[in-house]
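Here is what each chain is made of, one letter per residue.
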Amino acid sequence: MIATEVTGQHTTVAERAAWLSIPVLAHSEGALSYEQKMAILTEATAQTKPDDITITSWLVIVAEPLETA
């Protein structure tokens, strides 16, 4: 490993909700349908303002590939 860093991504609630509503990004194996997930997202975002800022932390890892023989 060469380096690691934790960085924050700042987006608005509206931007985050838009990303989460893209069907391919909202897809995961589980008991909830896309429609159920969108209903939960709508309910959650209704408790905020669209221009409220959210911060997501990301761990960034820089590494070198393993050498093969």
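Residues numbered from 1 in each chain as written. Predicted model: local features only at pLDDT ≥ 70, side-chain atom pairs only at ≥ 80, totals over all residues. Heavy atoms only, no water.

Visitor: Where do I start with the pairing of strand 2 (residues 53-62) in this structure?
Guide: Strand residues, when the strand is regular, have side chains that alternate between the two faces of the sheet. Within strand 2, only zero of the ten residues are buried, which leaves the element largely exposed. Pairing of strand 1 (residues 3-12) with strand 2 involves ten bridges; the strand directions are antiparallel. Directly across from Glu5, in strand 2, lies its bridge partner Val60. (Buried < 20%, exposed > 50% of the residue type's maximum accessible area, 1.4 Å probe, protein only. Helix = DSSP H or I, 4+ residues; strand = E, 2+ residues; numbered from the N terminus. Pairing = 2+ DSSP bridges.)

Visitor: Please explain the environment of Met38 as it appears in this structure.
Guide: As for its placement among the helices and strands, Met38 is situated in helix 3 (residues 34-45). By relative accessible area, Met38 is classed as buried at 16%. Separated by 30 residues in the primary sequence, Met38 and Gly8 place their C-alpha atoms 25 Å from one another. Apart from the residues lying within four places of it in its own chain, the contact partners of Met38 are Leu20, Ser21 and Ala26. (Contact = heavy atoms within 4.5 Å.)

Visitor: When you look at the packing of helix 1 (residues 13-20) against helix 3 in this model, what are you seeing that I'm missing?
Guide: For the pair helix 1 and helix 3, the least separation of the axes is 11 Å and the interaxial angle reads 175 degrees. Looking at the two axes, helix 1 sits roughly antiparallel to helix 3. Contact with helix 1, carried on its side by Val13, Ala17 and Leu20, involves Met38, Leu41 and Thr45 of helix 3 and no other residues of that element. Grouping the amino acids of the contact of helix 1 with helix 3 by side-chain chemistry returns five nonpolar, one polar and no charged. (Axes fitted to C-alpha atoms, helices over the stretch in contact; angles between N-to-C directions. Parallel < 35°, antiparallel > 145°, perpendicular 65-115°, else oblique. Nonpolar A, V, L, I, M, F, W, Y, C, P; charged D, E, K, R; others polar.)

Visitor: Hey, could you run me through helix 3 in this one?
Guide: Each full turn of the α-helix corresponds to 3.6 residues, which orients residues three or four apart in the same direction. Its twelve residues place the ends of helix 3 16 Å apart at the C-alpha level, agreeing with the 16 Å of an ideal helix rising 1.5 Å per residue. Here helix 3 has its buried residues at Lys37, Met38 and Leu41. The buried side chains of helix 3 occupy one side of the element, clustering within an arc of 100 degrees when seen end-on. Exposed side of helix 3, more than 90 degrees from the buried face: Glu35, Thr42 and Glu43 are the residues found there. (Expected span 1.5 Å × (residues − 1). Arc of directions from axis to C-beta.)

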